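# Inside the fold
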Amino acid sequence: MYIKKRQSGVSLKGRLVHYKMHYLLMLPGIVFFIIFRYIPIYGIIIAFKDVMPFDGLRAMLTAPFVGFKHFITFFNSYYFWNILGNTLSISGLKLLFGFPAPIILALLLNEVRSARFKKVTQTISYLPHFLSWVVVAGLFTVILSTSGGMINEIVKAFGGNPIYFLGDPKYFRSLLVISEVWKSMGWGSIIYLAALSGINPELYEAAIVDGAGRWKQMIHITLPAMSYVVILMFIFAIGNLLQAGFEQILLLYSPSVYGVSDIIDTYVYREGLIGLKYSYTTAIGLFKSIMAMILIISANYSAKRMGKEGIW
Amino acid sequence: MNSQIMKRISAIFIVLLLTVPFVFAQGASEAKTEEQRVVWRFANTGGPQAATEPSSDPEVYQMMQDWILEETGILVKTIVPPKDQITEKLNLLLASKSDLDIFDANVKVYQPKGALYPLNDLLDEYGQNILKQWPDQWESSWRAMSTADGTIWGIPSLPALFPYSVFIRSDWLKDLGLDEPTNLNEFEAVLKAFKEQDPAGNGETIPLTTMSLAYLGNSFAAGFMDIAYGNWIDENGQVMPVEVHPQFKDYIAKMADWYAKGYLYEESIGLSRDRHGELVQQNKVGASAVWYTRLTQNMTNLKLNIPEAEFTPLVNMTGPEGKIYTNRDVFTSAVCIAKNSQNPEDAMRFINWSQQDFNTYYSVNNGFEGTHWEYVKDSEPFIIQKLEADKKYIGEFQPHLSFAFTVKASSITEDPSALLATEFLQKYIPQLDLGKKAGDFGVAPLYSSESIQAAVPNEGDINRLREEEVTKFIMGIRPLSEYGDFIDDMYDAGLQKWIDAYTAEYNRVTGK
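Residues numbered from 1 in each chain as written. Chains lettered and ligands numbered in written order. Predicted model: local features only at pLDDT ≥ 70, side-chain atom pairs only at ≥ 80, totals over all residues. Heavy atoms only, no water.

### Let's talk about helix α7 (residues 100-111) of chain A
Residue and element names in this part refer to chain A. Taking 1.5 Å of rise per residue, the 12 residues of α7 would be expected to cover 16 Å, and the 17 Å separating its terminal C-alpha atoms lies within 8% of that figure. Ala101, Pro102, Ile103, Leu105, Ala106, Leu107 and Leu109 are the residues of α7 that are buried. Contacts made by the buried residues of α7 are with α6 (80-98), α8 (115-126), α11 (169-197) and α13 (214-239). (Helix = DSSP H or I, 4+ residues; strand = E, 2+ residues; numbered from the N terminus. Expected span 1.5 Å × (residues − 1). Buried < 20%, exposed > 50% of the residue type's maximum accessible area, 1.4 Å probe, protein only. Contact = heavy atoms within 4.5 Å.)

Spelled out as C-alpha cells, the structure:
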C-alpha cells in the first residue's frame, strides 16, 4: 500500500532511476528471454512455408507460403493418433505416478525424527537428478539386459526365462515411468520440503493440545498448508503434459516398442533433424505448443474455479 | 551508506557475471581477420569415427596441419562430431551456415535440400587427380552422384560392394567337433550346438546376434527368396518393397523360429555398436550377421581376453533359394562441398592434392611414413606395415576415403582387428558374385529422391511400419498369422503411392 502510494505520483523515468539497481539485475534475464525465447518465435513462420533447410534466415521471408499444408500432412499421417496417444498416455502415467511421488517423499521426510538420517536420505534421493539420461539409459540397459543383467539373473535364479524388458511393449511404458520417478522424485521433493518448513509450528502444538495424532496433523495442517504449492506445481505439470520425455525415450526405445513409445518429440526428431523437413516439424511443434497452452489455461481456470490460486 | 555501496557493487558484479557469457559467446565464432586460406573439414566418416581415441596427439595434429599448409597453402581445420550425434551436428552446422566446407553425406538426401555445391566446374578445373584415380569400371558411381541434368554433387567413395557376412567363432566349432556350415540347415545345427553346449560357459553363449533388421535381412533373407533383400520388380513391371514378396514370409518364419528357440539374441534388433562390441569382446557371441567392420573392429580386444578366439566369415553359405547375402548397391554417400562454402575452390584443391599419389593419400589418412607406417612394397599393389606410434593420428584431415585407393594396398599388421578387416576387404568385398542383387540394382541410386518425397510425403510412416512390424513378427510379439493384415496396413499407410512413385522413377531411369 505504502509503495503504491509512493509510486502513484512518480513518473516511469523516475521509477527507473530510483530502482535502477533492481532493473539492472533484471536486465540479463530480460535479454536472455528476448534473444532465446522471443526472437526465435519469428521462426514459427516456416510452419506455413516450404523452407529449404539450408537456405538460412532469408529463406524464411522468400520461401513460398503454403498455408496449412504441413498441419494437414501431420493430421493425415498414418501414425498421428498413435503418436498423440502415446504422448498423452506416457505423460499421463508420469503425471499419475510421478507427481505425487515427491509430495509423498517430502511428507515422509518431514516425519523423520533423526536429522542425520533425514539428510542422508535427502542427499541420496537427489543424486539421480544429476545423472544425464544417457547415463541412466545405459544403467537401465545393462541392469535389464538378458545377457548378464541383474534383474534377469534374479529371474533366472527363480527358474524363469530371461525377459527382454526394453523390447517388450508390455513393459516399456512402466520402465519409462519407473526410471522417470526414480530420477526426479528426490529433486522434486525440495520445493515441498521448503513449503513444509514454512508452516507455523504453533499450529501443530495447538493440534496436539486438541488431541490430534500425527495422521490428523498431516491431513488437517500439513496438506492444506502446502496445497498452494501443490496446485502451482500441478498447473506447471499440466503445461508440460505434452513433454513426454524425448531424451529418455530416444535413448531407450527400439523398433519393437515404437507402437507404445513413439511420441511427438521423437517423431519431430526423426522427420525434422534427421529427415530435414524443418517446415513440417515446425508445424508439428507449433501444434504441440498450442495444445500445451490450451492445457495450461484450462488447468489454471479449473484451479481458480476450485477456489485456489492460479499462476496468473 | 557503506551498505548501499556494497549492494550496488554486488548488483553490478552479478549483472556482469550474467552478461559476460553472452559477450564471449558472440566472440566464440572465430574472427576472420587473418588472410589465410582456410578449409573446414567435418570429419564424419573414416578414421576419426572408427578410432577409440577422441583425437590425434596434439603434436601430430599440428604437424599434419603444417604439412598440408606447406604443400597446398591451405590451412585445414577440422571438426570431429560426437559418434552418436553425427547427423544432428552436420545438419545444425549446415542450417546455421557455420564454417564448413568438406563433409561426407548422402547426395540423394542433401542435394534436394539445397545443401551441396555443384562440382562439375571445380572437378574440371581443380580435380584432375580425383577424376583420374576413380576407375572406369566404377563409372556408375559418378552417375549416382549426379542429378538428371548432369550436375555432379559429390565425389564417390564406394562402388557397389559385398559387405555383409555371417562371421562364426571357428575356434568354438573346433572345440565342439563341428564342421564349418555350408548351408542354413547346417548353420542352424551349429546354433543349436552353441546354445546347448554353451562354449562361452555359465550359460552366457549367444549363438547368433546382429545389430539391426537391415543387417539381418542383408545376411539371410536372399537365401529364402528368388530375389535379394531389397526392391523387386513384379510381373507388371512395378517396383515392389521386399515385404510384399510371397517368399519373404518364409524368411521371417525362420528368423522367428530362431528367436523363439533362443538362437537369435533377444536384443539383436536395435543393438548399439558399443553393446554389440561388448558382447563380442566378452567372448559371448558365437556368430554375428553384420556389416563386416562391425565385427572385425572387436577382434583386438577379444583376442586380449581370449587369444585363441577366431572369427571366420561364412561367405559361401546358401539357403533353400541359393545365395543368402544381398550386395550393397552403388553408394550415394560421397564427399561433398557445402553450398555455403566460403572457399569451394580450395576445398577441391585440398581433396585433389591428397590424391596426387598413393603416398600423399595414405599419409593424410593414416599418419606419417616412418612414424605411423612404412612400406614393405612401394609399388602397386602396395604393402604397408603399420607401426606402433606413441603419438597417435586418427585421420581428422582425411579429405576423402576413396575405395579406389583402398584396393591398391594391403597391410601387414599384427593387430587382429585390422588383420581380419583387411582379409575380408581384399578377398570378398569386391566380389559381387557372392551375393544377390536387388531388382532395381544399379537403377535405385539414380532415383530422384525429390520426386519420391513429393509423391510420398509420408514415406517415413511407411518405413516405420515396415521396420516395426517385421521386428514384432520376428520377436513373436505379433503372430505370423497376421502377416496379411500387415500388408493391408501398408496399403492403408500409402503403399500404393510408394509403388507408383518408385515405379515412375524406375521407368524414367531405365527409359521404359
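### A few points about the sheet that holds strand β16 (residues 409-412) of chain B
Residues and elements named next belong to chain B. Read across the open sheet, the three strands follow the order β14-β15-β16; overall the sheet is mixed. Two strands in the sheet have a free side with no partner beyond their single neighbour: β14 (373-377) and β16. Strand after strand, the sheet turns through a mean of 35° between neighbouring axes, direction not considered. For strand β15 (residues 382-386) and β16, the ladder comprises four bridges, and the chain directions are parallel. The residue of β16 that forms the bridge with Ile383 is Ser410. Each of β14, β15 and β16 is contacted by helix α17 (residues 358-366), which is oriented at about 145° to β14, the strand it contacts most. (Pairing = 2+ DSSP bridges. Axes fitted to C-alpha atoms, helices over the stretch in contact; angles between N-to-C directions.)

### Concerning the layout of surface pockets
Leftover empty space is mapped by rolling, across the atoms, a probe with the size of a water molecule. Approximately 1800 Å³ is the volume attributed to the second largest pocket. Along the walls of the second largest pocket sit 41 residues, with Phe36, Arg37, Pro40, Ile41 and Ile44 of chain A positioned nearest its centre. At the level of elements, α3 (20-38), α4 (57-62), α16 (264-274) and α17 (278-305) of chain A together with α4 (86-95) of chain B are the ones that each hand at least two residues to the lining of the second largest pocket. Residue classes in the lining of the second largest pocket are distributed as 26 nonpolar, 11 polar and four charged. (1 Å grid on protein atoms, 1.4 Å probe; cavity = no way out; pocket = protein on both sides within 12 Å on 5 of 7 lines; lining within 4 Å. Points joined across faces, edges and corners; volume = space filled by probe spheres on them. Nonpolar A, V, L, I, M, F, W, Y, C, P; charged D, E, K, R; others polar.)

### A closer look at the domain arrangement of chain A
Annotation of chain A at the domain level lists domain 1 (1-42) and domain 2 (78-305). Here the C-alpha centroids of domain 1 of chain A and domain 2 of chain A sit 35 Å apart. (Domains from an automatic or database assignment.)

### Looking at the interface of chain A and chain B
Taken residue by residue, the interface counts 42 residues in chain A and 47 residues in chain B. Approximately 3800 Å² of surface area, both sides summed, lies buried where chain A meets chain B, with 63% of it carried by carbon and sulfur atoms. Of all residues in chain A, Phe54, Tyr78 and Tyr79 of chain A give up the largest surface area on contact with chain B, accounting jointly for 19% of the area buried on that side. One can count one salt bridge joining chain A with chain B. Across the pair Arg464 of chain B and Asp262 of chain A runs a salt bridge whose closest N-O atoms are separated by 2.8 Å. Among the elements of the structure, α3, α6, α15 (258-261) and α16 of chain A are those that each provide at least two residues to the side of chain A that touches chain B. A class-by-class count of the residues in the side of chain A that touches chain B yields 24 nonpolar, 12 polar and six charged. (Buried area = accessible area lost by both parts, 1.4 Å probe. Salt bridge = Lys/Arg side-chain N within 4 Å of Asp/Glu carboxyl O.)

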